[in-house]
Amino acid sequence: MPTSFRHRPALAAALAGAGALMAGAAARAQEAAAPAAAPPLDGAMQGAANGAAQTAPDAAAAALASLPHDLSPWGMFVTASPVVQAVMVGLALASVVTWTIAIAKTVELSSARRKARSALAMLEEARSLSQAAEWVGFSQGTAAALVRAVVAETHLSADAPSRDGLMDRAASRLERIESAAGRRMARGTGILATIGSTGPFIGLFGTVWGIMTSFIGISKAQTTNLAVVAPGIAEALLATAIGLVAAIPAVVVYNACSRAIGGHKAQLTDASAAVLRLLSRDIDRHVLPRPHSNSRAAE
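Residues numbered from 1 in each chain as written. Predicted model: local features only at pLDDT ≥ 70, side-chain atom pairs only at ≥ 80, totals over all residues. Heavy atoms only, no water.

Here the focus is the overall build of the protein. Each helix and strand counted, the protein has 10 helices and zero strands in total. Seen in sequence order, the protein has helices and strands lined up from the N terminus as α-α-α-α-α-α-α-α-α-α. For the protein, the residues scored as buried account for 31% of the 299 residues in total. Of the contacts made within the protein by residues no fewer than 6 positions apart, 81% connect residues no fewer than 24 positions apart. Entry remark: accessible area of the protein is about 18300 Å², with carbon and sulfur atoms responsible for 66%. (Helix = DSSP H or I, 4+ residues; strand = E, 2+ residues; numbered from the N terminus. Buried < 20%, exposed > 50% of the residue type's maximum accessible area, 1.4 Å probe, protein only. Contact = heavy atoms within 4.5 Å. Areas by Shrake-Rupley, 256 points an atom, 1.4 Å probe, with all protein chains shown as cover.)

A surface patch of positive charge is lined by Arg113, Arg114, Lys115 and Arg117. With respect to the helices and strands, the residue Lys115 is situated in helix H4 (residues 82-125). Given the relative accessible area of 41%, Lys115 is considered partly exposed. (Patch = residues over 30% accessible without salt bridge, like charges linked within 9 Å, V, L, I, M, F, W, Y side chains within 5 Å. Salt bridge = Lys/Arg side-chain N within 4 Å of Asp/Glu carboxyl O. Lys, Arg positive; Asp, Glu negative; His and termini not counted. Charge placed at Lys NZ, Arg CZ, Asp CG, Glu CD.)

Relative to the assigned elements, His264 resides in helix H9 (residues 226-285). Excluding anything up to four places from it in sequence, His264 contacts Ala112, Arg113, Ala116 and Met185.

Next up on the list: the nonpolar core. Looking at soluble globular proteins, one finds that nonpolar side chains tend to be buried together. Grouped together as the largest cluster of nonpolar side chains are 24 residues, with contacts concentrated most on Leu123, Leu129, Ala132, Val147, Val150, Val275 and Leu279. For this core, the secondary-structure elements that each account for two or more residues are H4, helix H5 (129-136), helix H6 (142-156), helix H7 (166-185) and H9. When neighbours within four sequence positions are excluded, Leu129 is seen to be in contact with Val147, Val150, Val151, Thr154, Val275, Leu278, Leu279, Asp282 and Pro289. (Core = buried A, V, L, I, M, F, W, Y, C linked by side-chain atoms within 4.5 Å.)

Another aspect to go through is a nonpolar patch on the surface. Taken together, Phe201, Leu204, Phe205, Val208, Trp209 and Met212 make up a surface patch of nonpolar side chains, about 610 Å² in accessible area. Looking at the element boundaries, Trp209 is found in helix H8 (residues 189-221). For Trp209, a relative accessible area of 34% corresponds to the partly exposed category.

Here we take up the pattern of salt bridges. The tally for this structure, following the rule as stated, stands at five salt bridges. Among the salt bridges present, the one from Glu124 reaches Arg277, with a minimum N-O distance of 3.0 Å. With a gap of 153 residues between them, Glu124 in helix H4 and Arg277 in helix H9 connect regions that are remote in the sequence. Salt-bridge contacts for Arg173 lead to Glu153; the nearest nitrogen and oxygen are separated by 2.6 Å. A residue pair is termed long-range when its members are at least 10 positions apart, and Arg173 in helix H7 and Glu153 in helix H6 qualify at 20 residues. With a relative accessible area of 31%, Arg173 lands in the partly exposed category. A relative accessible area of 7% means that Glu153 is categorised as buried.

Another point: the packing of aromatic side chains. Per the stated rule, a full pass over the model turns up one aromatic pair. Measuring from ring centre to ring centre gives 6.1 Å for Phe205 and Trp209, while their planes differ by 45 degrees; the resulting arrangement is tilted. One end of the pair is Phe205 and the other is Trp209, both in helix H8 and four residues apart, which spans about a single turn. The exposure class assigned to Phe205 is partly exposed, which follows from its relative accessible area of 43%. (Phe/Tyr/Trp six-rings, centres within 6.5 Å; stacked < 30°, edge-to-face > 60°.)

Its location among the elements puts Asn255 in helix H9. You can call Asn255 partly exposed: its relative accessible area is 35%. On a C-alpha basis, the gap between Asn255 and Ala193 in space is 9.1 Å, while along the polypeptide they are 62 residues apart.

Before going further, it helps to spend a moment on the confidence of the model for the protein. Mean pLDDT over the protein works out to 76, with 71% of the residues at or above the 70 mark. Across the protein, H4 holds the top mean pLDDT of 90, while helix H10 (residues 292-298) sits lowest at 39. Here residues 34-41 is a poorly scored stretch, pLDDT under 50, and it has one contact once near neighbours within four places are set aside; other chains count. (pLDDT = per-residue confidence, 0-100.)

Encoded structure:
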């Protein structure tokens, strides 16, 4: 037989063996590439996993159920923490004090400026200090007190050998009366300055405290749902809003009172100058008002 026919069975066997080897290698490669199956959980571990999965929704649902549904200003005040409530009450009282002082100072300054304006017009028309004293009489007001103070000084200086120091003594009396009137008019405005400067910071303290309380509630509820965070932050920001409501009017009223008091002081300065002019004329004319004792004796 030819050689090629003699080796043909051996070649077929070799090819069959190589095919079997390649098939086995491919099977092993597929088994290695396939992911390993997770070991089955026992009953206890499976129950714990199911319980944890159910606890998170239950906690979130409980937190949502405990949220306040009334987010009006009064509802937020009622549900706020005691510290934030104390801050809100204090700021509300400060606002009441601000408006009370504003109304009282408006009435007081309006009356004082009206009296000073009429008294100044009277002093400009008077021809002498005695005539001004008769027109003033027993009327109330700072301008009337200026006239009476100068008349009293002329009576006390009636036996003085010289009239050179009379103007200085009268000017000293008038200056003291003006200062006392300015202090009296400025009474209560310091509270406005205090409220205007500290109100925003007190409200900010309430805001910080409320936000801290909100974050503590978030940690207890173990949820960052906006519905859980929003009410606490709204209550905290309400404290800041009340602080601004108390501080802004206080600053405005304080500035208005300062301007009004400055204008009233200018009126008193003009009245003092008018009284000193009358005194100077009487000194030059040698017709100073006589003491009450002398006038009674003359009568």
